[in-house]
Amino acid sequence: MRCALLALLVISCGVAVGQLRNAHWLFCDNHVSFASGSAVVSTQLHGGHNNAAILSDPVGQLLVYALQDSVHNAMHGPVANVPGSDPYPPAFQQGLLLLPWPGSDHDAAYFYNEYAAYLGPPGRCGYSRIDLTAGGGQGAFVGDMTWFMDSSTCKLTAVPHANGEDYWVLVQ
């Protein structure tokens, strides 16, 4: 049994190395990068938020990250034209999500799960497109938010589609 578990862990580690889109993690004031093959901890990124989302390219290079109140490019500068959702913030947990835009090497999908239920009206969930090459590589949002769900809660996640390019976005 132990040998089977060890073999499974070794195989899983090999598979995880090939999936470097999630090579960067951000929580509180800590940024953890797995892009080099081992965990490197720093406070380089803007932290201090419960709510964060990060997207790397297929080889593990940081592309873009979102915090509760801002979106930043790989050079830690602000991404232009962030669509707002005033007056409600994103959900405290699972309120933000960044995914590669299907069919594009330089665009990202920014999902925003607004949490307004504690203020009275129900929340809603939407997305917008980020062109990461706009503004000389600074990045910019293209268009407004497309709201696709109302009465959402603070549950937002995604899983890769079997075709290897698309994602299933799950919201409650």
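It should be noted that the structure appears before, not after, this text.
First, a word on what this report is: a plain description of the structure on this page. Since we're looking at a predicted model, the values are computed, not measured. (Residues numbered from 1 in each chain as written. Predicted model: local features only at pLDDT ≥ 70, side-chain atom pairs only at ≥ 80, totals over all residues. Heavy atoms only, no water.)

Looking at the sheet that holds strand β5 (residues 62-67)
Whether parallel or antiparallel, the strands of a sheet pair through hydrogen bonds between backbone atoms. Put simply, the rule reads: Being paired, for any two strands, means DSSP has found at least two bridges between them. Only DSSP runs of H or I reaching four residues or more are called helices, and only runs of E reaching two or more are called strands; each is numbered from the N terminus. In this analysis, axes come from line fits to C-alpha atoms, helices being fitted only over the stretch in contact, and the angle between any two N-to-C directions falls in the range 0 to 180 degrees.
The sheet built from three strands is open, its strands ordered β4-β5-β6 with antiparallel pairing. Two strands in the sheet have a free side with no partner beyond their single neighbour: β4 (52-56) and β6 (70-73). Pairs of neighbouring strands in the sheet enclose a mean axial angle of 10 degrees, with direction left out of account. Relative to β6, β5 runs antiparallel, the two being bridged by four bridges. Among the inter-strand pairings, Tyr65 is bridged to a residue of β6, identified as His72.

Focus: the sheet that holds strand β8 (residues 107-113)
Sheet architecture is open: four strands sit in the order β7-β8-β9-β10, paired in antiparallel fashion. The outermost strands of the open sheet, each flanked by one partner alone, are β7 (96-100) and β10 (140-152). Neighbouring strand axes in the sheet, compared pairwise and without regard to direction, differ in orientation by 20 degrees on average. Where β7 and β8 come together, five bridges link them in antiparallel fashion. Looking at the pairing, Leu97 lines up with Phe111 of β8.

Notes on the nonpolar core
The criterion, for reference: By nonpolar core we mean a set of buried residues, namely Ala, Val, Leu, Ile, Met, Phe, Trp, Tyr and Cys, connected to one another through side-chain atoms within 4.5 Å. Each residue is assigned to one of three classes by its accessible area relative to the maximum for its type, calculated with a 1.4 Å probe on protein chains only: buried under 20%, partly exposed between the two thresholds, exposed over 50%. Whether two residues are in contact is decided by their heavy atoms: any pair within 4.5 Å suffices.
Grouped together as the largest cluster of nonpolar side chains are 15 residues, with contacts concentrated most on Val64, Val71, Leu98, Tyr110 and Ile130. The element that contributes the greatest number of residues to this core is β8, accounting for three residues. Those residues in contact with Tyr110, other than ones at most four positions away along the chain, are Ala66, Val71, Leu96, Leu97, Leu98, Gly126, Tyr127, Ser128, Ile130, Phe141 and Met145. Counting seven residues, the second largest nonpolar core, distinct from the first, contains Leu99, Ala109, Cys125 and Leu156.

Looking at the pattern of salt bridges
For the record, the criterion: Between Lys or Arg on one side and Asp or Glu on the other, a salt bridge is scored when a side-chain nitrogen of the former is within 4 Å of a carboxyl oxygen of the latter.
In this structure the tally under the stated criterion is one salt bridge. Of the charged contacts, one joins Asp107 and Arg129 as a salt bridge, the two residues approaching to 2.7 Å between their closest N and O atoms. Taken together, the residues Asp107 in strand β8 and Arg129 in strand β9 (residues 123-131) connect sequence positions 22 residues apart. You can call Asp107 buried: its relative accessible area is 8%. Look at Arg129 and you get partly exposed, because its relative accessible area is 28%.

Concerning the packing of aromatic side chains
Basically, it comes down to this: When two rings of Phe, Tyr or Trp (its six-membered ring) have centres within 6.5 Å they constitute a pair, described as stacked for plane angles under 30 degrees, edge-to-face for angles over 60, and tilted for the intermediate range. Put simply, a charge is over a ring when the Lys NZ or the Arg CZ is close to the ring centre, within 6 Å, and near the line of the ring normal, within 35 degrees.
One pass over the structure, following the stated rule, counts seven aromatic pairs. Centre to centre, the rings of Trp101 and Tyr127 are 6.2 Å apart; their planes meet at 45 degrees, and the pair counts as tilted. Of this pair, Trp101 sits in the loop between β7 and β8 while Tyr127 sits in strand β9, placing them 26 residues apart in sequence. Judged by relative accessible area, which is 27%, Tyr127 ranks as partly exposed. Of the aromatic side chains, those joined through ring pairs into one cluster are Trp101, Phe111, Tyr127 and Phe148. One Lys or Arg, Arg124, reaches over the ring of Trp147 and ends 3.9 Å from the middle of that ring.

Quick word on the pairing of strand β11 (residues 156-160)
With five bridges connecting them, β11 and strand β12 (residues 167-171) associate as antiparallel partners. Note on β12: the bridge partner recorded for Pro160 is Tyr167. Counting the residues between successive antiparallel strands, the hairpin from β11 to β12 contains six residues, one of them, Gly164, with a positive phi of roughly 80 degrees.

Details of unusual backbone geometry
With a phi close to 70 degrees, His76 is a non-glycine residue in the positive phi region. Secondary-structure assignment places His76 in the loop between β6 and β7. Using a relative accessible area of 23% as the deciding quantity, one classes His76 as partly exposed. A positive phi is found at Asn81, a non-glycine position, where the angle reads about 65 degrees. Mapped onto the secondary structure, Asn81 falls in the loop between β6 and β7.

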